[in-house]
Amino acid sequence: MRTLDLSSSCCVRLKDRCPRPNGFLNLLLTKAFLLVLLFGTVWSITGQECLPGGNLFGIVILFICSVLGGKLLGLIHLPTLPPFPPLLGMLLAGLLLRNVPYVGAAVFISPHWSAALRNVALSVILTRAGLGLDPSALRRLKAVCVRVAVGPCVLEACVVAVVSHFLLGLPWIWGFILG
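Residues numbered from 1 in each chain as written. Predicted model: local features only at pLDDT ≥ 70, side-chain atom pairs only at ≥ 80, totals over all residues. Heavy atoms only, no water.

Caption draft 1: Seen up close, the overall build of the protein. From N to C terminus, the protein includes 9 helices and 0 strands. Put simply, the protein has 179 residues, and 12% of those count as buried. When contacts within the protein are restricted to residue pairs at least 6 apart in sequence, those whose partners lie at least 24 apart make up 35%. Summed over its atoms, the accessible surface of the protein is roughly 14,700 Å², and 75% of this surface lies on carbon and sulfur atoms. (Helix = DSSP H or I, 4+ residues; strand = E, 2+ residues; numbered from the N terminus. Buried < 20%, exposed > 50% of the residue type's maximum accessible area, 1.4 Å probe, protein only. Contact = heavy atoms within 4.5 Å. Areas by Shrake-Rupley, 256 points an atom, 1.4 Å probe, with all protein chains shown as cover.)

Written out as structure tokens, the structure reads:
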């Protein structure tokens, strides 16, 4: 009976002859080649949308700048303050891209896409903020958390009720419903 010898199979010999690339230059070339392939694939599917001036191009530039902004702000350590969260750097990068005159014109995202992205970004921001909470600290400070959550809401409802009653002449119950 003949046994299968894996050491003489084609795959093992090919693996010995083609070593894995290692080193910075090989990593850089591999990532550049994959980026070119990805861009070619996206361009063949979407056409002009992924070229400069298109929505996908603007989204990719926004994503790259926000990741870089998050990394850069995460590197800043002031001695008297805790480290800055990378999410703040991402928000600042988006703010700069939107408000710098020449960059804002070059990185264009249509208002329809922008509105959808803002809704998704709000969900991501709230989820990341919620995942960053410490459950044991919340259990220890549950009375403070309730006061901080309920107090401003009640105060805002009362202020809106008073303002709507005296300025708009609404009944008190309508003012509290509005608040």
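Having seen it, we continue.
Caption draft 2: Seen up close, a nonpolar patch on the surface. On the surface, Leu-155, Val-159, Val-163, Leu-167, Leu-168 and Leu-178 cluster together to form a nonpolar patch covering roughly 630 Å² of accessible area. A per-element tally of the nonpolar patch places helix 8 (residues 142–168) first, with 5 residues. (Patch = residues over 30% accessible without salt bridge, like charges linked within 9 Å, V, L, I, M, F, W, Y side chains within 5 Å. Salt bridge = Lys/Arg side-chain N within 4 Å of Asp/Glu carboxyl O.)

Caption draft 3: Local environment of helix 3 (residues 55–75). Here helix 3 is 21 residues long and its end C-alpha atoms lie 30 Å apart, about the 30 Å a rise of 1.5 Å per residue gives. Where helix 3 is buried, its residues touch helix 4 (86–99) and helix 6 (111–131). (Expected span 1.5 Å × (residues − 1).)

Caption draft 4: Layout of the side chain of Ser-66. By secondary structure assignment, the location of Ser-66 is in helix 3. Classification of Ser-66 as buried rests on a relative accessible area of 12%.

Caption draft 5: Looking closely at the packing of aromatic side chains. Scanning all chains against the criterion turns up 3 aromatic pairs. An angle of 35° between the planes, with centres 6.5 Å apart, marks the rings of Trp-172 and Phe-176 as tilted. A residue pair is termed a helical-turn pair when its members lie 3 or 4 positions apart in one helix, as Trp-172 and Phe-176 do in helix 9 (residues 172–178) at 4 residues. Of the residues examined, Phe-176 reaches a relative accessible area of 42% and is grouped as partly exposed. Aromatic rings pair up to connect Phe-166, Trp-172 and Phe-176 into one cluster. (Phe/Tyr/Trp six-rings, centres within 6.5 Å; stacked < 30°, edge-to-face > 60°.)

Caption draft 6: Representation of the layout of surface pockets within the structure. Quantified by volume, the largest pocket comes out at close to 880 Å³. Mapped by element, the contributors of at least two residues to the lining of the largest pocket are helix 3, helix 4 and helix 6. When residues in the lining of the largest pocket are grouped by element, the largest group, 9 residues, is from helix 6. Considering only residue class, the lining of the largest pocket consists of 18 nonpolar, 5 polar and 3 charged. When its volume is computed, the second largest pocket comes out at roughly 410 Å³. The wall of the second largest pocket is formed by Leu-35, Leu-38, Phe-39, Val-42, Cys-50, Leu-56, Phe-57, Val-60, Ile-61, Phe-63 and Ile-64. Residue composition of the lining of the second largest pocket, by class: 11 nonpolar, no polar and no charged. (1 Å grid on protein atoms, 1.4 Å probe; cavity = no way out; pocket = protein on both sides within 12 Å on 5 of 7 lines; lining within 4 Å. Points joined across faces, edges and corners; volume = space filled by probe spheres on them. Nonpolar A, V, L, I, M, F, W, Y, C, P; charged D, E, K, R; others polar.)

Note that all results are geometric; they support no functional claim without further evidence.
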